Amino acid sequence: MNGIDLSVEIAGLKFKNPILLASGTVGYGYEISQFLDLNKIGGIVTKSISLKPRKGNPPQRIVETASGMLNAIGLANVGVEEFLKDKIPFLKQYDTNIICNIAASTIEEYVECVKILTTEDAIHAFEINVSCPNVKEGGLIFGNDPDQVSTITAVVKAVTSKPVFIKLSPNTARIAEFAIRAKENGADAVSAINTLVGTAFNIWTRKPKIHNVTGGLSGPAIKPVALAKVLEISRNCDIPIIGIGGISNYEDVLEFMIAGATAIQLGTINFVQPDAATKIVNGIINYCETMKINKLRSLTASYELN
Amino acid sequence: MIITEITVSSVEQLKNHIYHLKCYSPALASSIKAGQFLNLKVNDTTFPLLRRPFSISDVIGDEIYLLFNVHGEGTRMLTHKVKGDLLDVLAPLGCGFKTDGDFDTAVLIGGGLGVAPFPLLTKQLQGKGIYTFLGGRSEADIVTYGLKNVFVSTDDGSLGEKGTVVKLFLENLDKFEGKKIKVFACGPTPMLKALQAALLQNNIDGEISTECAMACGFGICQGCPIEDKNNSSKYLLVCKDGPVFNIKDVIL
């Protein structure tokens, strides 16, 4: 690696590089491990876990849009118990950070999940999903209310000593306010952004293309929005940011870091190029060599605004 | 399951909107089971963003054949490929048809381009008797490439019997008296649903190749759920648990 230091740190947790895999885009790691060496990435964020298993929404769950896609999976997941029994043993054989994403319908459910999962040593941090647009209860109802985000952050922090990241919704007027409230209540970082609410119709049947009517828009189409949200948080709140939103190549990663991100997550690109993370790490190394950057983390929030 | 590049040998128009894409890929040609599919990126830009799933239609030597219908931007782009173009594919994906088992006669039932996997399936059913029933809206939907012993129906009667392919199959059930048959089917969901009901009612074993919108093709996007007949608490995934299922295992 020619001595280039790609590592970043959030709340004392060291990541070998800033490339994480986003929740809901890699399940619990097994399938993508056939294409990608998970030892080579900074971390993996699990599919959202809820206290009990969730079946998720009926089909159709996804539809492609211009340079993006809408999804309404509905938080299908195996639940805490099966996650600990069947999924953690696979994940913990890798030398990478395991970040457990938690989704819940009530504040009590968040607490209960984290209380159980925090006893598992293989989990390095929690990402709290307060911004899923595709479930009836919880999700965006929490993510759109600063008081709820404050409460959830505080109660979760009270039951774990592990780092807690709050995953924020872009479907709000001022995302920085949510980041400020998360920080005030002890959050160690914010992940930004979750998907944007969108929809699509079939003109022949006049029906929505996805069963849930609306879904979350992701992919390259949302990158400029995500980048602006990261910048907004960076300019208004001193909290580490994990940038997410349409990141597909090493240039995108660097752009997010310059705009304020400490680390980033790859999402939709995993569906198309499951080995994207490997190429991205190599691209970043080449960039650092060209730009004579010794420590990649020096790039974070290095923007030069007029 | 690998990510690889396959080389286009040719793109041939079979009918109005129906094409054969032939690609050189010794690795896939030697390992594909009928009913498996690949997920193909039609270009390297972000539009279309997602890969497109295609079942492998046939294998000749080191070449794999895909049979496709132009119905969107992605498939339209595919028709413009020329010899030597490289295509990025994820393959082989999903499970294929189970061609071994206690039956002496295979009955292949396809709706429209649901016949896509049948030429390869016909080869892999070597030693079994084969009957093929094809249905389509009209003559323009009927492709008989690589098929044996073909019976045709169309909705408008422009070719073969007028009516649905399921009806045509049921009208010919007497052909199979004294034979141990297994049905292999692929086509639109309403057709498969009607067929599934008819097979269960007549106590005939069968496998169906299902379809559903999907992004990744290997289980990470969770985009393609299908009801599990044996466990209502969770869905199966078309891409990974299927696309081929026994008729007793799923609810359409």
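What comes next is a walk through the structure. Since the model is a prediction, treat every value here as computed from it, not as a measurement.

## Topic: the nonpolar core
Part 1 of the argument: Grouped together as the largest cluster of nonpolar side chains are 136 residues, with contacts concentrated most on A:L21, A:I128, A:I166, A:I233, B:I109 and B:F169.
Part 2 of the argument: The element contributing the most residues to this core is helix α9 (residues 276–291) of chain A, with seven residues.
Part 3 of the argument: Among residues more than four places away in sequence, those in contact with B:F169 are B:V107, B:I109, B:F133, B:F176, B:V183, B:L195, B:L199 and B:I204.
Part 4 of the argument: Among the nonpolar cores identified, the runner-up in size contains 45 residues, and B:F97, B:L125, B:V152 and B:C186 belong to it.

## Considering the pairing of strand β3 (residues 37–41) of chain B
All names here are of chain B.
Part 1 of the argument: Counting buried positions along β3 gives five out of five residues, so the element sits mostly inside the fold.
Part 2 of the argument: Residues F37, N39 and K41 line one face of β3 and the alternating positions L38 and L40 line the opposite face, and both faces are buried.
Part 3 of the argument: As defined by bridge partners, β3 adjoins strand β4 (residues 52–60) across four bridges and the pair is classed as antiparallel. Looking across to β4, one finds that L40 is bridged to R52.

## Some remarks on the packing of helix α5 (residues 175–184) of chain A against helix α6 (residues 223–236) of chain A
Residue and element names in this part refer to chain A.
Part 1 of the argument: It is the contact of α5 with α6, at a shortest axis distance of 8 Å, that shows an interaxial angle of 50 degrees. One finds that α5 runs oblique with respect to α6. Along this stretch, α5 crosses α6, giving a crossing that reads as right-handed. Contact with α5, carried on its side by I175, A176, A179 and I180, involves K229, E232, I233 and N236 of α6 and no other residues of that element.
Part 2 of the argument: A per-class count over the contact of α5 with α6 returns five nonpolar, one polar and two charged.

## Topic: the interface of chain B and chain A
Part 1 of the argument: Taken together, the contact between chain B and chain A spans 30 residues of the former and 31 residues of the latter.
Part 2 of the argument: For the pairing of chain B and chain A, the buried interface totals around 2,500 Å² over both sides, and the portion due to carbon and sulfur atoms is 66%.
Part 3 of the argument: Considering only the surface of chain B that becomes buried against chain A, B:L49, B:I220 and B:Y235 emerge as the three largest contributors, covering 26% of it.
Part 4 of the argument: Between the two partners, chain B and chain A, sit three salt bridges.
Part 5 of the argument: Ionic pairing is found between A:K55 and B:E227, a salt bridge with its closest N-O pair at 3.1 Å.
Part 6 of the argument: Summed over the shared surface of chain B and chain A, the result is nine residue pairs in polar contact (both at pLDDT 80 or more).
Part 7 of the argument: When contributions to the side of chain B that touches chain A are tallied by element, the ones reaching two or more residues are β1 (2–15) and β13 (225–228) of chain B.
Part 8 of the argument: The class makeup of the residues in the side of chain B that touches chain A is 18 nonpolar, six polar and six charged.

Reading guide: rules and limits
- Residues numbered from 1 in each chain as written.
- Chains lettered and ligands numbered in written order.
- Predicted model: local features only at pLDDT ≥ 70, side-chain atom pairs only at ≥ 80, totals over all residues.
- Heavy atoms only, no water.
- Core = buried A, V, L, I, M, F, W, Y, C linked by side-chain atoms within 4.5 Å.
- Buried < 20%, exposed > 50% of the residue type's maximum accessible area, 1.4 Å probe, protein only.
- Helix = DSSP H or I, 4+ residues; strand = E, 2+ residues; numbered from the N terminus.
- Contact = heavy atoms within 4.5 Å.
- Pairing = 2+ DSSP bridges.
- Axes fitted to C-alpha atoms, helices over the stretch in contact; angles between N-to-C directions.
- Parallel < 35°, antiparallel > 145°, perpendicular 65-115°, else oblique.
- Left-handed = near helix turned anticlockwise from the far one by under 90°.
- Nonpolar A, V, L, I, M, F, W, Y, C, P; charged D, E, K, R; others polar.
- Buried area = accessible area lost by both parts, 1.4 Å probe.
- Salt bridge = Lys/Arg side-chain N within 4 Å of Asp/Glu carboxyl O.
- Polar contact = N/O pair within 3.5 Å; in protein donor to acceptor, adjacent residues only side chain to side chain.

Function-wise, these values are silent; they only describe arrangement.
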